[in-house]
Amino acid sequence: MAEQTHVLFVEDDDVIREATQLALERDGFVVTAMPDGLSGLEAFRADRPDIALLDVMVPGLDGVSLCRRIRDDSTVPVIMLSARADSIDVVLGLEAGADDYVTKPFDGAVLVARIRAVLRRFGHASGPRSSDRTDGMSSVPDGGTLSFGAGVEELEIDTEGMEVRRGGAPVALTPTEMRLLLEFSSSPGTVLSRDKLLERVWDYGWGGDTRVVDVHVQRLRTKVGQDRIETVRGFGYKLKA
């Protein structure tokens, strides 16, 4: 990377915090490591990092609450760290605005790969552009403004300015939500499976947890209209043309 990426890492376990910080620094990241949520929030406000890694269970201000506080004024990418893959905390973290999560214990190489995947989506690191896709389909429409529906429910997507309006009013989306909406708008009326969305939006070249997709679709629906994105049971989701 041309410029070093600044990572905020909030973890209360001293061994995990120190070992992970060293591993990330060896990969070229600048790391601010904090032992609790309150100090993590202070560090976030002071340093404005490029990405935040938040353990769910930290003292003072838990990771989910910290994620909500970050989302109050920032769209910086957030990855939650959870000790259990089946924990409700995973879903709570995603609903709070996290972009992805990693289950502990984690392999350092896997964590770095997930960080880089998130950063590529947010434009902080180099990666394959949508126009470089080799599956025969474009991830993002060529440009211009797309419109769906009419009246107060009309959805307008400016694919060049990366702006969205619903009924003429601006809609604030996180970069992950925007990428998800662009995927749907590139092929309205076409069913996209959860696995395909994981591959295209989250850049997973391996199997991932489809809860990440489901929670983000629910968050997107609250912003663009509950009926705008349809569930096709057993197959996936599609944008109503």
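The coordinates are above.
Residues numbered from 1 in each chain as written. Predicted model: local features only at pLDDT ≥ 70, side-chain atom pairs only at ≥ 80, totals over all residues. Heavy atoms only, no water.

Residues of helix H4 (residues 88-95) that are buried: Asp 89, Val 90, Val 91, Gly 93 and Leu 94. At the C-terminal side of H4, Gly 97 shows a positive phi close to 120 degrees. (Buried < 20%, exposed > 50% of the residue type's maximum accessible area, 1.4 Å probe, protein only. Helix = DSSP H or I, 4+ residues; strand = E, 2+ residues; numbered from the N terminus.)

Once that is clear, we can look at the pattern of salt bridges. Tallied over the full model, the rule gives 15 salt bridges. One salt bridge connects Arg 120 with Asp 203, and the closest N-O pair in it is separated by 2.4 Å. In this pair, Arg 120 is assigned in helix H5 (residues 108-122) and Asp 203 in the loop between helix H7 (194-201) and helix H8 (211-224), connecting sequence segments 83 residues apart. Glu 230 is paired through a salt bridge with Lys 238; the nearest N and O atoms lie 3.9 Å apart. For Glu 230, a relative accessible area of 27% gives the class partly exposed. Taking the relative accessible area as the measure of exposure, Lys 238 reaches 24% and is therefore partly exposed. (Salt bridge = Lys/Arg side-chain N within 4 Å of Asp/Glu carboxyl O.)

The next thing to look at is the side chain of Glu 11. Within the fold, Glu 11 resides in the loop between strand S1 (6-10) and helix H1 (14-26). When sequence neighbours within four positions are dropped, the list of residues in contact with Glu 11 reads Ile 16, Arg 17, Met 34, Pro 35, Asp 55, Val 58 and Lys 104. (Contact = heavy atoms within 4.5 Å.)

Considering the arrangement of structural elements, one finds Phe 106 in the loop between strand S5 (100-103) and H5. Residue Phe 106 is classed as buried on the basis of its relative accessible area, which comes to 19%. Spatially, the C-alpha atoms of Phe 106 and Leu 81 are 9.1 Å apart, while their sequence positions differ by 25 residues. Every residue in contact with Phe 106, bar those within four places of it in the chain, is listed here: Ile 16, Thr 20, Leu 81 and Leu 111.

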